[in-house]
Amino acid sequence: MKLFHLKIALVLLASTLLFSCTDEVNATYTFRTMMPIYLEMKDVRTKSLAPIPAQEIENPGKIYIYNNYLLINEPSKGIHIYDNKNPANPINLSFIPIEGNVDLAINSNILYADNYVDLLAFDISNIQNIRLVKRVEDVFTHLYQHSTGKIITFKDTVLTIDSPSWEYDGMWTVRPGMSLLANMAKASQSYGTGGSMARFTLMDGHLFAVDQNTLRVFDVESPAEPKFLKPIDLGWGIETIFPFDQKLFIGSNRGLHIYDASNPAAPKRIAIYEHVLSCDPVVVNEDYAFVTLRSGNFCVNGVNELHVLDIKDPYQPKLLKAYPMLNPHGLGLAENYLYVAEGKHGLKSFNASDVLTIDKNQLEFLQSMKSVDLIPGPKSLIVIGPDGVCQYDYSNPAKLRKLSCIQVSNPIEVS
Amino acid sequence: MRFSKLIFMFLISWCSVQLAAAQEKATLTQLELGLLSGKSKILWSEEFENRLDFSFSAFHGKEIKPNHYLGIHLGYDNYPNVRILPIGLGWRGFIGDDIGSKLMGGLNAGFGTTFLEKRERTDWSSTWQEGGVYFNPFLGVSMPAKKGNWALTSSIGYKWQPSSYLEGSHSQSETPPKIHPFWTRASLPEGFNSLNKVSTQYHSLIFQVGILF
């Protein structure tokens, strides 16, 4: 019996060696990318623009303060409306769904918002009954894909494909972190009422809108009847616009352009202050322009500095002083107080009454307040960062006091 | 993947019930050395190569009814690209007279872990190995020793073991890269921009010799 079993054992061993099963191998590559989605404007124009009940904010984009209201753009999706009578308790009222919207500005109870290539005007005199009053078609025509005549928009998607070979990241995919055009959320990140990273701005009955290389001028003397006047070529790398005293201060990643807008229908460039390749938000008062330069995703080879320019003669802006900073993003000026959002490093406040000793007059450096932009509003200092949209009491500029934060489900990544 | 999870959960529940019923009964321990035989497909080619890999297995169980034992199974499988430590449950059943050789049947199933494989991480990427649920039925014989209370066993069976090799590229954002547990549904772990994954299902014929006591 034993021998028999031993023989069986040997047979089993032999069969193991001679016959065997085949393994299955499968290689996949999973990646995050922006999928292009093609749209026809005629379909976009049929979508309802009526406000819907309050929605949670996913990605905060441009922020605008208007009277007791806080309007927060959700890039490419629409505009959230908050009742901000009490900044310690902002109340989410409603949401206007506007596809492709990345910017807004308000003048005389008329809200201007872009809808891909069109400019929309809404009457917001009764916040409970917001209505579209005008659509100006085919204004932001750079968004058209000329080969197809369609609008291209991008959707953040995770794809998995069978991989014929080992894939290296970033070589051929559109990466959300790197593509300015593809990622509207990053491109329109955090701006304000004349906040330092604005792209729409209002002055003297005119609406000015900048994109990467063009300034577009609209006549809004009749607020409910915006008229597109003309596009002005600005070169390239345009990022921000700040209006002041019949002048437009336009930040690009190569320098600051100053335009004379005393005739707002025909702004004329009067000066350019050039600097190294950097991203470039700016705020100004009568005498000085404050410009932050930072290194980062799009701002390769940049430096991290605060530049103070003398603009008493706007034809000849002069650099007065450059202060080293950590990674300054947006900034805000409230009388003599300057607030700088230092990205992941936090928030700094300065007494800037003597522009030559700003660094010696730092009031606070709040390292826990990571921020990308801020807006000194009439009731509160609004700070945009990874915590969402927060408001601070800055009646004592040397001691900021947190009032509230509007949580967002997809916080800004500070890089 | 879902199907294997179901098998696993069923086995766990069934075995727990049986073990609870087995109180003051006999125990069985089995130690085995084995060979896993298979054919590997060479990645990104149509060619195959034979493999013969070393395996070790340990079982300890309680008798739940005459000639049936249920218990814990542990092991070590040395596959070409990964070393797996299977941890699971096992069943052994015997047919035959009390004295003399018996026919033996068994089943091991559980999760093949990759504790022996290191996770590597740089600023830009992470690489790691993942295991998977394994399933190993077999048939054999048990030949008692002339002296002492032990027996020699030999068996042949089939072992199914999935495993993956992963290399992910970090997203360079505030979110730290986090390798999620195997049961998570998300296709891309947090903090990663992309992921290369090579999944292998090892189908092996397994021949084992061992001792039983």
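So, a few notes on the structure that sits alongside this text. This one's a predicted model, so the numbers in the text were calculated from it and none came from an experiment. (Residues numbered from 1 in each chain as written. Chains lettered and ligands numbered in written order. Predicted model: local features only at pLDDT ≥ 70, side-chain atom pairs only at ≥ 80, totals over all residues. Heavy atoms only, no water.)

Check the secondary structure of chain B and you find one helix and 10 strands. In chain B, the succession of α and β elements from N to C terminus is α-β-β-β-β-β-β-β-β-β-β. The buried share of chain B, reckoned over its 213 residues, is 49%. Accessible surface for chain B amounts to roughly 11000 Å². Of this, 61% is attributable to carbon and sulfur atoms. (Helix = DSSP H or I, 4+ residues; strand = E, 2+ residues; numbered from the N terminus. Buried < 20%, exposed > 50% of the residue type's maximum accessible area, 1.4 Å probe, protein only. Areas by Shrake-Rupley, 256 points an atom, 1.4 Å probe, with all protein chains shown as cover.)

The next thing to look at is the overall build of chain A. Helix and strand counts for chain A come out as three helices and 33 strands. Looking at chain A as a whole, 54% of its 415 residues qualify as buried. Intrachain contacts of chain A at a sequence separation of at least 6 include 50% that bridge at least 24 residues. Only carbon and sulfur atoms are counted for the fraction: they give 52% of the accessible area of chain A, which is about 17700 Å². (Contact = heavy atoms within 4.5 Å.)

In this section: the state of the cysteines. Residue and element names in this part refer to chain A. On inspection of all chains with the given rule, the structure shows one disulfide over all chains. With its sulfur 2.0 Å from that of its partner, Cys 390 forms a disulfide with Cys 405. On the sign convention where negative means left-handed, the S-S torsion of about 105 degrees between Cys 390 and Cys 405 marks this disulfide as right-handed. With Cys 390 in strand E32 (residues 388-393) and Cys 405 in strand E33 (residues 401-406), the pair connects residues that are 15 residues apart, well separated along the chain. Note on Cys 390: relative accessible area 4%, which makes it buried. (Disulfide = S-S within 2.5 Å.)

This part is about the pairing of strand E7 (residues 91-97) of chain A. All names here are of chain A. Bridge count between strand E3 (residues 52-53) and E7: two bridges; the pairing is antiparallel. Bridge pairing in E7 places Ile 52 opposite Phe 95. Here strand E6 (residues 78-83) pairs with E7 via six bridges, running antiparallel. When the bridges of E7 are listed, Ile 79 appears paired with Ile 96. (Pairing = 2+ DSSP bridges.)

In this structure, Leu 71, Leu 111, Phe 122 and Leu 207 of chain A are the most contacted members of the largest nonpolar core, which totals 31 residues. Val 283, Val 284, Ala 289 and Val 291 of chain A belong to the second-largest nonpolar core, a separate cluster that totals 29 residues. (Core = buried A, V, L, I, M, F, W, Y, C linked by side-chain atoms within 4.5 Å.)

Okay, the pattern of salt bridges next. Close approach of charged atoms allows side chains of opposite charge to pair. Residues and elements named next belong to chain A. Counting across every chain of the model gives 18 salt bridges over all chains. Its salt-bridge partner being Asp 138, residue Arg 45 comes within 3.0 Å of it at the nearest N-O pair. You can see Arg 45 sitting in the loop between helix H2 (41-44) and E3 and its partner Asp 138 sitting in the loop between strand E11 (131-136) and strand E12 (144-145), a full 93 residues away along the chain. The exposure class assigned to Arg 45 is partly exposed, which follows from its relative accessible area of 23%. In this structure Asp 138 comes out as partly exposed when scored by relative accessible area, which is 35%. Residue Asp 123 pairs with Arg 131 through a salt bridge whose shortest N-O separation is 3.1 Å. Asp 123 sits in the buried class, given a relative accessible area of 15%. (Salt bridge = Lys/Arg side-chain N within 4 Å of Asp/Glu carboxyl O.)

Here we come to a nonpolar patch on the surface. Residues and elements named next belong to chain B. Taken together, the side chains of Leu 31, Leu 33, Phe 54, Phe 56, Trp 150, Leu 152, Val 209, Ile 211 and Phe 213 make up a nonpolar region of the molecular surface, amounting to roughly 760 Å² of accessible area. Broken down by secondary-structure element, the contributors of at least two residues to the nonpolar patch are strand E1 (27-41), strand E2 (48-65) and strand E10 (192-212). In this fold, Phe 54 is placed in strand E2. Look at Phe 54 and you get partly exposed, because its relative accessible area is 41%. (Patch = residues over 30% accessible without salt bridge, like charges linked within 9 Å, V, L, I, M, F, W, Y side chains within 5 Å.)

What follows deals with the environment of Gln 161 of chain B. All names here are of chain B. Mapped onto the elements, Gln 161 comes out in strand E9 (residues 151-170). Exposure remark for Gln 161: the relative accessible area of 0% places this residue in the buried category. Note: C-alpha distance between Gln 161 and Asp 77 (84 residues apart in sequence) is 9.8 Å. Once you skip the residues sitting within four places of it in the chain, Gln 161 turns out to touch Tyr 79, Ile 84, Gly 112, Gly 131, Gly 132, Val 133, Tyr 134, Thr 200, Gln 201 and Tyr 202.

With that settled, consider the packing of aromatic side chains. All names here are of chain B. Taken as a whole, this structure holds nine aromatic pairs over all chains when the rule is applied. Aromatic pair Tyr 69 and Phe 94: ring centres 6.1 Å apart, planes at 80 degrees, arrangement edge-to-face. Taken together, the positions of Tyr 69 in strand E3 (residues 68-78) and Phe 94 in strand E4 (residues 83-95) put the pair 25 residues apart, joining distant regions of the chain. With relative accessibility at 11%, the residue Tyr 69 sits in the buried group. With a relative accessible area of 8%, Phe 94 lands in the buried category. (Phe/Tyr/Trp six-rings, centres within 6.5 Å; stacked < 30°, edge-to-face > 60°.)

Moving on, we get to unusual backbone geometry. All names here are of chain A. In this structure, Asp 245 takes a positive phi of about 50 degrees despite not being glycine. Following the sequence through the fold, Asp 245 ends up in the loop between strand E18 (238-244) and strand E19 (247-252). Non-glycine residue Glu 335 carries a positive phi angle of around 55 degrees.

Adjacent strands of a sheet pair through backbone hydrogen bonds, lying either parallel or antiparallel. All names here are of chain A. If you trace the four strands from one edge of the open sheet to the other, you get E26-E27-E28-E29, paired in antiparallel fashion. Taken across any chain shown, the strands that pair with only one partner, and hence form the sheet edges, are strand E26 (331-334) and strand E29 (362-366). Recorded for the sheet is a direction-independent mean angle of 15 degrees between the axes of neighbouring strands. (Axes fitted to C-alpha atoms, helices over the stretch in contact; angles between N-to-C directions.)

Residues and elements named next belong to chain A. Sheet architecture is open: four strands sit in the order E22-E23-E24-E25, paired in antiparallel fashion. Each of the sheet's edge strands pairs with one partner strand only, and the pair in question is strand E22 (282-284) and strand E25 (318-324). Neighbouring strand axes in the sheet, compared pairwise and without regard to direction, differ in orientation by 20 degrees on average. Both strand E24 (residues 305-310) and E25 contribute to a ladder of six bridges, which runs antiparallel. Across the sheet, residue Glu 305 finds its bridge partner in E25, namely Pro 324.

All names here are of chain A. Following the sequence through the fold, Ser 371 ends up in the loop between E29 and strand E30 (373-376). According to the relative accessible area criterion, Ser 371 is buried, its value standing at 0%. A distance of 3.3 Å separates the side chain of Ser 371 from the backbone oxygen of Gly 346, its partner in a polar contact. Side-chain polar atoms of Ser 371 contact the backbone oxygen of Met 369, separated by 3.3 Å. (Polar contact = N/O pair within 3.5 Å; in protein donor to acceptor, adjacent residues only side chain to side chain.)

A few words on the environment of Gly 132 of chain B. Inspection of the secondary structure assignment puts Gly 132 of chain B in strand E8 (residues 132-144). Along the sequence, Gly 132 of chain B and Thr 113 of chain B sit 19 residues apart, while their C-alpha atoms lie 7.0 Å from each other.

What follows deals with the environment of Asn 68 of chain A. Residues and elements named next belong to chain A. By the secondary structure assignment, Asn 68 is in the loop between strand E4 (63-66) and strand E5 (69-74). Taking C-alpha positions, Asn 68 is 8.6 Å from Tyr 82, a pair spaced 14 residues apart along the chain. Each residue touching Asn 68, except ones within four places of it in the same chain, is listed here: Tyr 82, Asp 83, Asn 84, Lys 85 and Lys 379.

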